[in-house]
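# Residue-level structural notes
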Amino acid sequence: MSIVPAEAVSGRAGTAAETVNEPADGAPAPLAPRARLLPSLAAVYRAQLSRARVARIPLLFVATFQSVGIMILMRGVVDGGDEARAVVAGSSVLVVAFVALNLLAQYFGQLRASGGLDHYATLPVPPAAVVLGAAGAYASFTVPGTAVTAVAGSVLFQLPLTHLWVLVAVIPLSGAALAGLGAALGLLAPRQELATLLGQLGMSAALLLGVLPADRLPGPIGYARDLLPSTYGVEALARTFDARPDWPVVAFDLAVCAAVGVCSLAVATWAYRRAAVR
């Protein structure tokens, strides 16, 4: 049996390790490429959807029952016409505001307070993928509740169901605008309690300014209604209850809602970068 010196074994091991870890020219090994936006977005969306499915479904029922209850309450004072259209459209979009704005503001506020942003900061994913993935997951939970509310309101106020297919555009566009606003509020709030408060105030604004008919609001409050992202989704849905909807105006409202959504998500992405480096 031959005995090999320890120095020789360690020397060969070191040479092999250097061969594996470094290229032949001695330069350091390159880092792995950063993940692309779309695959990262899909991964974050699936993770958020799986995480929030159990916790958020009961809250979705609460949002739906809340909106249906508001319509039943308003049925006693509203007979029909433009007021009924405003009530049904505003109550339907209120489901989106409850989940995409209120709950998302609370989620990001809690994530920032608990240090959960540090986990996402270590992942090789773009900041936009984190914000868009979470916003998309929360907005997805609003689809069944919004559809149920719109159908129930149409039956309750005897409005036509013919053009409710416009919800296919109203839900994602309003959801994007409100989710971006909710994420920005949660990320910019210095304390978790303040993020919860801001989310509640935002949902209350969507309730008061969206459900009540625009012509019943005082002048200054009417201007505040124009600044609310969900207003244009409410207007687009309300116009489709007419016998002959003015489709160019509906398309304009949806375009404005989409532009507001892009801006709010951009602000939320900037707020995420700002919060992640602190």
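## Observations regarding the overall build of the chain
- Helix and strand content of the chain: 11 helices and 0 strands.
- Counted from the first residue to the last, the chain has its helices and strands arranged as α-α-α-α-α-α-α-α-α-α-α.
- Taken over 278 residues, the chain has a buried fraction of 44%.
- Here the contacts in the chain between residues at least 6 apart in sequence split such that 83% fall between residues at least 24 apart.
- About 14200 Å² of surface is accessible on the chain, with carbon and sulfur atoms providing 68% of the total.

## A word on the side chain of Asn-102
- Examined against the element boundaries, Asn-102 turns out to sit in helix α3 (residues 81-113).
- Only 3.0 Å separates the side chain of Asn-102 from the side chain of Gln-106, close enough to count as a polar contact.
- Dropping the residues within four chain positions of it, Asn-102 is found in contact with Ala-97, Thr-196, Gly-199, Gln-200 and Met-203.

## Topic: unusual backbone geometry
- The backbone phi angle of Gln-158 is positive, close to 60°, even though this residue is not glycine.
- Residue classification places Gln-158 among the exposed positions, given a relative accessible area of 69%.

## With respect to the packing of helix α10 (residues 231-239) against helix α11 (residues 247-276)
- Across the interface, α10 lies against α11 with an axial gap of 8 Å and an inter-helix angle of 160°. Accordingly, the angle class assigned to the pair α10 and α11 is roughly antiparallel. Regarding α10 and α11, the two cross each other, and that crossing is left-handed. Of α11, the residues touching α10 (which contributes Tyr-232, Gly-233, Glu-235, Ala-236 and Arg-239) are Val-249, Val-250, Asp-253, Leu-254, Val-256 and Cys-257.
- Per-class residue counts for the contact of α10 with α11 are 7 nonpolar, 1 polar and 3 charged.

## Structural notes on helix α6 (residues 142-156)
- With 15 residues, α6 extends 21 Å from end C-alpha to end C-alpha; this agrees with the ideal 21 Å at 1.5 Å per step.
- The complete set of buried residues in α6 reads Thr-142, Gly-145, Thr-146, Thr-149, Ala-150, Gly-153 and Ser-154. With its buried residues spanning 160° around the axis, α6 presents them on a single face.

## Remarks on the environment of Leu-181
- Residue position: Leu-181 is located in helix α7 (residues 167-188).
- In sequence terms Leu-181 and Val-267 are 86 residues apart; their C-alpha atoms lie 8.1 Å from each other.
- Aside from chain neighbours lying at most four places away, what touches Leu-181 is Leu-101, Pro-229 and Ser-264.

## So, a nonpolar patch on the surface
- A contiguous nonpolar surface patch, about 250 Å² in accessible area, is contributed by Val-151, Val-155 and Leu-161.
- Structurally, Val-151 can be placed in helix α6.
- Classification of Val-151 as partly exposed rests on a relative accessible area of 38%.

## Let's talk about the confidence of the model for the chain
- Counting all residues, the mean pLDDT for the chain is 80, and 84% of those residues have values of 70 or more.
- Here residues 1-24 is a poorly scored stretch, pLDDT under 50, and it has 6 contacts once near neighbours within four places are set aside; other chains count.

## So, the nonpolar core
- Core analysis: the largest hydrophobic core is formed by 65 residues, its most contacted members being Leu-104, Phe-108, Phe-157, Leu-237 and Tyr-272.
- Elements supplying a minimum of two residues to this core: α2 (37-75), α3, α4 (117-122), α5 (127-140), α7, α8 (192-211), α10 and α11.
- Among the elements that make up this core, the one with the highest residue count is α3 (18 residues).
- The residues contacting Phe-157, other than those within four sequence positions of it, are Met-71, Met-74, Arg-75, Val-78, Ala-84, Val-87 and Val-88.

Rules used in this analysis
By convention here, each chain's residues receive numbers from 1 onward along its written sequence. Selection of residues for local features in this predicted model requires a pLDDT of at least 70, selection of side-chain atom pairs for listing and counting requires 80 or more, and totals for whole chains, interfaces and linings are taken over all residues. Hydrogens and water molecules were not included; the side-chain quantities draw on all heavy atoms of the structure. Secondary structure is summarised from DSSP: a helix means a run of H or I of at least four residues, a strand means a run of E of at least two, and numbering begins at the N terminus for each. We call a residue buried when its accessible area falls under 20% of the maximum for its residue type, exposed when it is over 50%, and partly exposed in between, using a 1.4 Å probe and counting protein chains only. By the convention used here, residues are in contact when the closest approach between their heavy atoms is within 4.5 Å. Accessible surface area values rest on a Shrake-Rupley calculation with a 1.4 Å probe, where residue burial reflects the displayed protein chains alone. Polar contact is defined as a pair of N or O atoms within 3.5 Å, subject to the rule that within protein one atom must be able to donate a hydrogen and the other to accept it, and that residues adjacent in sequence are counted only when both atoms are side-chain atoms. Interaxial angles span 0 to 180 degrees and are taken between N-to-C directions of axes, which are lines fitted to C-alpha atoms, for helices over the stretch in contact. Roughly parallel means an angle under 35 degrees; roughly antiparallel means over 145; roughly perpendicular covers 65 to 115; every other angle is labelled oblique. For a crossing to be left-handed, the near helix must be turned anticlockwise from the far one by less than a right angle; the clockwise case is right-handed. Lys, Arg, Asp and Glu make up the charged group, whereas Ala, Val, Leu, Ile, Met, Phe, Trp, Tyr, Cys and Pro make up the nonpolar group; the residues left over, Gly among them, are polar. Each helix should span, by expectation, one fewer than its residue count multiplied by 1.5 Å. Throughout, the arc means the angular range of directions from the helix axis out to the C-beta atoms. Think of a patch as exposed residues, more than 30% relative accessible area, with no salt bridge, where like charges cluster within 9 Å and nonpolar side chains (Val, Leu, Ile, Met, Phe, Trp, Tyr) cluster within 5 Å. By salt bridge we mean one thing: a side-chain nitrogen of Lys or Arg within 4 Å of a carboxyl oxygen of Asp or Glu. By definition, pLDDT measures how confident the predictor is in each residue, and it falls between 0 and 100. The criterion is simple. A nonpolar core is a set of buried Ala, Val, Leu, Ile, Met, Phe, Trp, Tyr and Cys residues joined through side-chain atoms within 4.5 Å.

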